[in-house]
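# Inside the fold
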Amino acid sequence: MNLRLSNKHFPGLVLSLAAIMLLSVAWVSDDAFITLRVIDNFINGWGLRYNVIERVQVYTHPLWLFFLTPFYALTREALLTTMLVSVGLSLGALWLLARRIAVNIEYGCLLVLVAVASGSISQFATSGLETPLTFLLLALLVAQLYQNKHGLSAALAGLLVLNRMDLAILIGPLVVYLAFKAQRGQRWRIIAAAFLPVLIWMIFSIIYYGSPFPNTAYAKLGTGYGTGELILQGLHYGENFLFNDPLLALLIGASVLGALRSRDQLLIAFATGLLLYIVYTIAIGGDFMSGRFFATPGFLALCLLARLPAPRWLLTRTKLVAPIIIAILALLLVARSTQAPGGAVAKADYGIVDERSFYYLYNGLPAVLNGWLATGEEPIHPWGHRGTVLRALAEQNRKPVMVITGTIGMRGYYGGPMLHIMDELALADPFLARLPAQPGSRVGHYLRAIPPGYSETVLLVDPLTNDALQPLLNDVVLATRAPLFADGRWGAVWRLLSGHYRWGYASGPESGDR
């Protein structure tokens, strides 16, 4: 293969093989169905809600929710729709990496190979979570920056934060640098472009949900656990990543060192954000999904490497590089396509597991396609089947059904709007999310003790609990269930946001007035 032929056909062939690989490993997680339930309720007229009787932001990715909504509205199908949209976004990001970001086509294709070979990146290139849209926005951001389109780049930075708020840590140093370097008139445009999407959403969220932040932030960050305990768990999460995805971990380090030595201020700003994001990930205790919080910094690291000079051996061996990359991709494709399906999660490593190994048996693309071909119906995970049973029970009795569970994705999505789920992990329960978690909970699964009386009355207009917690519950109900401009609602919202209620981890609740 000569260089001219490589330039013309090589990237397309590599991306075609990458597409087949991503499709072969595509899956949808249970957490993704939390967002899908909100989308389903939204397009059926119930609003942006998980449980239809209350307004609670159970998703961390507003932009991903709104991006996925029209596709779901067209198909009314969860699994195939989510996987195909995710693969399309991820391929767009890989195309930009190879053709618009990399300084050399062969080098770009080599980095595409690394991306699809990485367990962290390829696993969360689908999964139904927001990561594929993050990949695409990051690739667009890097590509536009090197075309000196700083205003558009700032707007893309704002969309990244709208896609997931903690990405502000990742791209914050870049926005600061762009604002600092811009002329005075342009500076305010850059600041406005970066902050306006998030500001608009936060204003809407305060009005509609009663909080500028998703309920998941309260559930996972307001646990009452000590800083040292969280950092230790975060270090275990980093160790898990190093063990399971060592090549990507090595390239993250290489990209940071290369950027800091390059004298390229844009690369330095990106590398600073990348380091801060990893520190943040460790500080909050990481996550229970192996590799998830390293997929985005890993993809950004590949973009940074793509802007650094290509290795000398690559430039002098271009005729050999193309067939070698294609051969490796083909071998990876064969290995993954012949890999036995999952169905069981390996023993948890400090609560961290390979989620895909559990859900792939039912929610992987091959299983979904086989189910459609064999029965003409969408295959449903056992948790989803439990939801369909509860839906039938609610429809038969013509009244809502309430269950207590910590698996709220597929059970909630298939359970329909008449199923009210009390989430003992508090992701979908704004009252429990403001109580401390029980000691010894698994990372990302911070169990709450349900106060006496709460579960028996949760479907009432004004649910009850013990006397000590009743003021908090009253304010949560006002903020999430009362009409938007009901008397007393804004006072309740203010008390919830201002720290009026403080909770001692061991001793229980204290009033903020004490």
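Structure: above.
First, a word on what this report is: a plain description of the structure on this page. (Residues numbered from 1 in each chain as written. Predicted model: local features only at pLDDT ≥ 70, side-chain atom pairs only at ≥ 80, totals over all residues. Heavy atoms only, no water.)

## Points about the packing of aromatic side chains
Scanning the model with the defined rule gives 26 aromatic pairs in all. Ring centres of Phe204 and Tyr208 lie 5.4 Å apart, and the angle between their planes is 10°; this geometry places the pair in the stacked category. With Phe204 and Tyr208 both in helix α10 (residues 184-209), this residue pair falls four residues apart, about one helical turn. Classification of Tyr208 as buried rests on a relative accessible area of 15%. An angle of 40° between the planes, with centres 5.5 Å apart, marks the rings of Phe358 and Trp383 as tilted. (Phe/Tyr/Trp six-rings, centres within 6.5 Å; stacked < 30°, edge-to-face > 60°. Helix = DSSP H or I, 4+ residues; strand = E, 2+ residues; numbered from the N terminus. Buried < 20%, exposed > 50% of the residue type's maximum accessible area, 1.4 Å probe, protein only.)

## Regarding empty space enclosed by the protein
Counted by the stated rule, this structure contains four cavities of 30 Å³ or more. Lining the largest cavity are 15 residues, with Tyr209, Ser211, Asn215, Pro430 and Arg434 sitting closest to its centre. Taken together, the elements giving at least two residues each to the lining of the largest cavity come down to α11 (215-221) and α23 (470-481). Here the residues of the lining of the largest cavity sort into eight nonpolar, five polar and two charged. Of the voids in this model, the second largest cavity is the one considered here, and its volume is about 90 Å³. Along the walls of the second largest cavity sit Glu130, Thr131, Thr134, Arg164, Leu167, Tyr277, Arg292, Phe293 and Thr296, which together make up its complete lining. (1 Å grid on protein atoms, 1.4 Å probe; cavity = no way out; pocket = protein on both sides within 12 Å on 5 of 7 lines; lining within 4 Å. Points joined across faces, edges and corners; volume = space filled by probe spheres on them. Nonpolar A, V, L, I, M, F, W, Y, C, P; charged D, E, K, R; others polar.)

## Topic: the pattern of salt bridges
This structure, assessed with the given rule, holds six salt bridges. We note a salt bridge from Asp166 to Arg164, for which the minimum N-O separation is 3.0 Å. Comparing Asp166 with Arg164, the two get one shared label, buried. Via salt bridges that share partners, Glu130, Arg164, Asp166 and Arg292 belong to a single interconnected network. (Salt bridge = Lys/Arg side-chain N within 4 Å of Asp/Glu carboxyl O.)

## Comments concerning a nonpolar patch on the surface
Together, Leu196, Leu199, Ile200, Ile203, Ile207, Phe485 and Trp490 make up an exposed nonpolar region whose accessible area comes to about 690 Å². If you tally residues by element for the nonpolar patch, the top one is α10, at five residues. With respect to the helices and strands, Trp490 occurs in helix α24 (residues 489-497). Relative accessible area serves as the criterion here: at 34%, Trp490 is assigned to the partly exposed category. (Patch = residues over 30% accessible without salt bridge, like charges linked within 9 Å, V, L, I, M, F, W, Y side chains within 5 Å. Areas by Shrake-Rupley, 256 points an atom, 1.4 Å probe, with all protein chains shown as cover.)

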